[in-house]
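A structural walkthrough
Here are the chains, one letter per residue:
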Amino acid sequence: MQTSDRLRPLTGTGQKWPRRLLPLETLNYEHLRQKCLCNLLGRIVDDLYASDTIKSAAWALDYLENVLPLHVSDETEDLVPRLLEHDAADEAVGKACRALVHEHESDGLLAAKIKVGLELLSRARPLPRPLDFIVDVLTFEENLRRHVAWENAEFLPLARHRLASEDLSSLGSAMARRHGLF
Ligand SMILES: [Fe+2]
Ligand SMILES: [Fe+2]
């Protein structure tokens, strides 16, 4: 099963899926998987030629290509606009939203670079510049760990405090649509 498949509803089971998600809890859950991604990336660069590198690189590549972009869109396209709409004049909200968008952009640039190396490793191909790859991966890992810790400690609590229940409800619906849950 591809990583992205875990976010899709099972078919043929008669299971009823919720029409919306608990949005902040869902974002928080995804942060746990991002910590797993960081652990895996650290393991890959610890020994590029380990026996499980091909599988690990394939999983990390799938996550970066298919799952992380959805999470970034959940936050950037759904959560941030609702926060800004709700508290347009609040400087703390504006500053936090700008920081979040900026970090997504810089992480995205680095993710694009390391995906090239992960794709080669997933096919047991040699890296042209392994040291550059290792430095990029370690930088991405450090940035993502810091980003996730900040979102968990500050950004999500800010959103929980500022958004009304109707905002959370529409946010959950928008995220469920993006993840194909209805
Ligand atoms: Fe984020
Ligand atoms: Fe996040």
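Residues numbered from 1 in each chain as written. Chains lettered and ligands numbered in written order. Predicted model: local features only at pLDDT ≥ 70, side-chain atom pairs only at ≥ 80, totals over all residues.

**Digging into the overall build of the chain**
Short version of the rule: Labels follow the DSSP assignment, with helices taken as runs of H or I lasting at least four residues and strands as runs of E lasting at least two, numbered in each case from the N terminus. Residue burial is a threshold on neighbouring C-beta atoms within 10 Å of the residue's own C-beta, all placed from the backbone, with 20 or more meaning buried, 12 or fewer meaning exposed, and counts in between meaning partly exposed. The contact criterion used here is simple: two residues whose C-beta atoms, placed from the backbone, lie within 7 Å are in contact.
Each helix and strand counted, the chain has 5 helices and 0 strands in total. Listing the helices and strands of the chain from first to last along the sequence gives α-α-α-α-α. Here the chain, with 182 residues, has 24% of them falling under the buried criterion. Here the contacts in the chain between residues at least 6 apart in sequence split such that 81% fall between residues at least 24 apart.

**Quick word on the nonpolar core**
Stated precisely, the cut-off is as follows: In plain words, the nonpolar core is the set of buried Ala, Val, Leu, Ile, Met, Phe, Trp, Tyr and Cys residues that C-beta atoms within 7 Å link up.
In terms of nonpolar packing, the biggest core is built from 19 residues, with Ala57, Ala60, Tyr63, Leu64, Ile114 and Leu118 touching the most fellow members. Sort the elements by how many residues they give to this core and helix α2 (residues 53-86) lands first, with 7 residues. Residue contacts for leucine 118: discarding those within four places in its chain leaves Ala57, Ala60 and Leu61. In terms of nonpolar packing, the next biggest core, distinct from the first, is built from 13 residues, Leu21, Leu79, Leu83 and Met175 among them.

**Remarks on helix α5 (residues 165-178)**
Selection criterion: Here the expected length of a helix is defined as 1.5 Å per residue gap, with one fewer gap than residues. Regarding the arc, it is the one traced by the directions from the helix axis to the C-beta atoms.
If you check α5, its first and last C-alpha atoms are 20 Å apart, about what 14 residues at 1.5 Å a residue would give, namely 20 Å. Looking only at α5, the buried set comprises Leu171, Gly172, Ala174 and Met175. Buried residues in α5, looked at end-on, bunch into an arc of 165°, giving them a common side. Turned more than 90 degrees off the buried face of α5, the exposed positions are Ser165 and Glu166. At its buried positions, α5 is contacted by α1 (23-46) and α2. Immediately beyond the C-terminal end of α5, within one or two residues, lies glycine 180, with a positive phi of roughly 70°.

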